[in-house]
Amino acid sequence: MDTPSYLRLAVTKLSREIGIRTYQDHDRLEKTVKYISQEFASFGYQVSHQSFKFSGNTYQNVIAELKGRTSPEKVLVVGAHYDTVRTTPGADDNASGVAGLLRLAKLLAGRPQDKTVRFVAFALEEPPAYRTRNMGSYHYAASLKKDREQVEGMVCLEMIGYFSDRPGSQHYPIPFMKLRFPKIGNYIAMVGNRKSKKFTMQIAGGFRKATDLPLITLNAPAIVVGIDFSDHWSFGKFGYPAFMVTDTAFYRNPNYHSPSDLPDTLDYNRMAMVVEGLVAAVEEWGRV
């Protein structure tokens, strides 16, 4: 199956067949964990789960590891959250990120790098856990810090499927950014804090060698609204370099957090270009 077809299949499975995946939808979250786990296993990975409690219930992060050959102690985390808010089936937010994560794992399966790559699907990125210690990504980042793992960086896939060629389709949090960045939402962005700039540039360099999909990078302070609005926030709290790969969410996608965030609104060919760029970037990072 080619990459666009796989991405469409995965997004449809999550957003249409399983549907809304809030912290209260325990049966649907269990179905999601089962689906992601089965996909990782079908690619040949050993799958593990990290369980944690929130509001009296148990939630799970799903982890697959591509162990490094020569420097396995050095780790790159690639992650995406699989939950949604109550108002949406979440095709772009964030079935697109999970689909990209799964396809990336598939394409790298059986091709170990010198260093270790971990693919992690996170529970509870959305409210009420959002930007608190209750996020699945926070629990995972905390466990890495506790175990003193050598995490060289974290790449967060946060909405990678919505593109537009319409002039004026791209918006920004600060007016002057319109002078520097495109007014058309036909690109993918890598967005993180200032401390993560070197890591962001490293991954962006590998990405650009593999695809001509336009890529914008931005490393800025948290005062820029949206700069840390996903799971990379958790890793930043523990001092790890981290950024998100994003179509910029509500600055572009009119279906954000709404019932209209459906599979047919996404561009699977350009999503595939995002994945292809990330494969090359991860492989370049993984060489010692």
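Worth saying up front: this structure is predicted, and the values here are computed from it rather than measured.

Conventions and cut-offs
Residues numbered from 1 in each chain as written. Predicted model: local features only at pLDDT ≥ 70, side-chain atom pairs only at ≥ 80, totals over all residues. Heavy atoms only, no water. Helix = DSSP H or I, 4+ residues; strand = E, 2+ residues; numbered from the N terminus. Contact = heavy atoms within 4.5 Å. Polar contact = N/O pair within 3.5 Å; in protein donor to acceptor, adjacent residues only side chain to side chain. Core = buried A, V, L, I, M, F, W, Y, C linked by side-chain atoms within 4.5 Å. Buried < 20%, exposed > 50% of the residue type's maximum accessible area, 1.4 Å probe, protein only. Pairing = 2+ DSSP bridges. Axes fitted to C-alpha atoms, helices over the stretch in contact; angles between N-to-C directions. Parallel < 35°, antiparallel > 145°, perpendicular 65-115°, else oblique. Left-handed = near helix turned anticlockwise from the far one by under 90°. Nonpolar A, V, L, I, M, F, W, Y, C, P; charged D, E, K, R; others polar. Salt bridge = Lys/Arg side-chain N within 4 Å of Asp/Glu carboxyl O. Lys, Arg positive; Asp, Glu negative; His and termini not counted. Expected span 1.5 Å × (residues − 1). Phe/Tyr/Trp six-rings, centres within 6.5 Å; stacked < 30°, edge-to-face > 60°.

You can see H232 is positioned in helix α7 (residues 232-237). It is 19 Å that separates the C-alpha atoms of H232 and G277, two residues lying 45 residues apart in sequence. Ignoring anything within four residues of it in the chain, the contact list for H232 reads M154, C156, V191, G192, I227, A242, F243 and M244. Within the structure, the side chain of H232 is placed 3.0 Å from the backbone oxygen of I227, a separation counted as a polar contact.

Within soluble globular proteins, side chains that are nonpolar generally end up buried alongside one another. Within the largest apolar cluster, 94 residues are counted, with the highest numbers of intra-cluster contacts made by F40, F119, F235 and V245. Ranked by the residues each element gives to this core, the list is headed by helix α8 (residues 268-285), at ten residues.

Take the sheet that holds strand β8 (residues 242-246) next. Read from one edge of the open sheet, eight strands run β1-β2-β4-β3-β5-β8-β6-β7, paired in mixed fashion. Both edges of this open sheet fall to β1 (47-54) and β7 (215-219), since each of them pairs with a single strand only. The sheet shows a mean angle of 20° between the axes of neighbouring strands, direction not considered. In the sheet, strand β3 (residues 71-81) pairs with strand β5 (residues 150-157) via six bridges, with the strands oriented parallel.

We now examine the packing of helix α1 (residues 3-18) against helix α3 (residues 91-108). Following both chains from N to C, one finds α1 and α3 inclined at 135°, their axes separated by 8 Å at the closest point. The angle between α1 and α3 falls in the class oblique. α1 and α3 meet at a crossing whose hand is right-handed. Across the interface between the two elements, T3, Y6, L7, A10, V11, L14 and S15 from α1 touch A91, A95, S96, V98, A99, G100, L102, R103 and L107 from α3. For the contact of α1 with α3, the class distribution of residues is eleven nonpolar, four polar and one charged.

So, on to the pattern of salt bridges. The final tally for this structure, using the stated rule, is eleven salt bridges. With a closest N to O distance of 3.6 Å, R8 and D264 form a salt bridge. Of this pair, R8 sits in helix α1 while D264 sits in the loop between β8 and α8, and the two are 256 residues apart along the sequence. A relative accessible area of 61% means that D264 is categorised as exposed.

Note that D261 resides in the loop between β8 and α8. Within the buried set, D261 has no salt-bridge partner at all; the shortest N-O distance to an opposite charge, 7.5 Å, is to R21. At 3.2 Å, the side chain of D261 and the backbone nitrogen of D93 are in polar contact. Among all residues touching D261, those that are not within four sequence positions of it are T88, P89, G90, A91, D92, D93 and N255.

Because each turn of an α-helix spans 3.6 residues, side chains separated by three or four positions in sequence point in the same direction. When the terminal C-alpha atoms of helix α2 (residues 26-42) are compared, their 24 Å separation across 17 residues agrees well with the 24 Å that a helix rising 1.5 Å per residue should span. Within α2, burial applies to L29, T32, V33, Y35, I36, S37, E39 and F40. Positioned one or two residues after α2, G44 has a phi angle of 100°, which is positive.

Inspection of every chain in the model, using the stated rule, returns 17 aromatic pairs. Between F122 and F235, the aromatic rings sit 6.2 Å apart at their centres with planes inclined by 55°, giving tilted as the arrangement. Linking F122 in strand β4 (residues 115-122) with F235 in helix α7, this pair joins segments that are 113 residues apart in sequence. The same class applies to F122 as to F235, namely buried. Plain terms: the ring middles of F199 and F243 are 5.4 Å apart, the flat faces sit at 50° to each other, and that makes the pair tilted. Of the two residues, F199 sits in helix α6 (residues 197-208) while F243 sits in strand β8, which places them 44 residues apart along the sequence.

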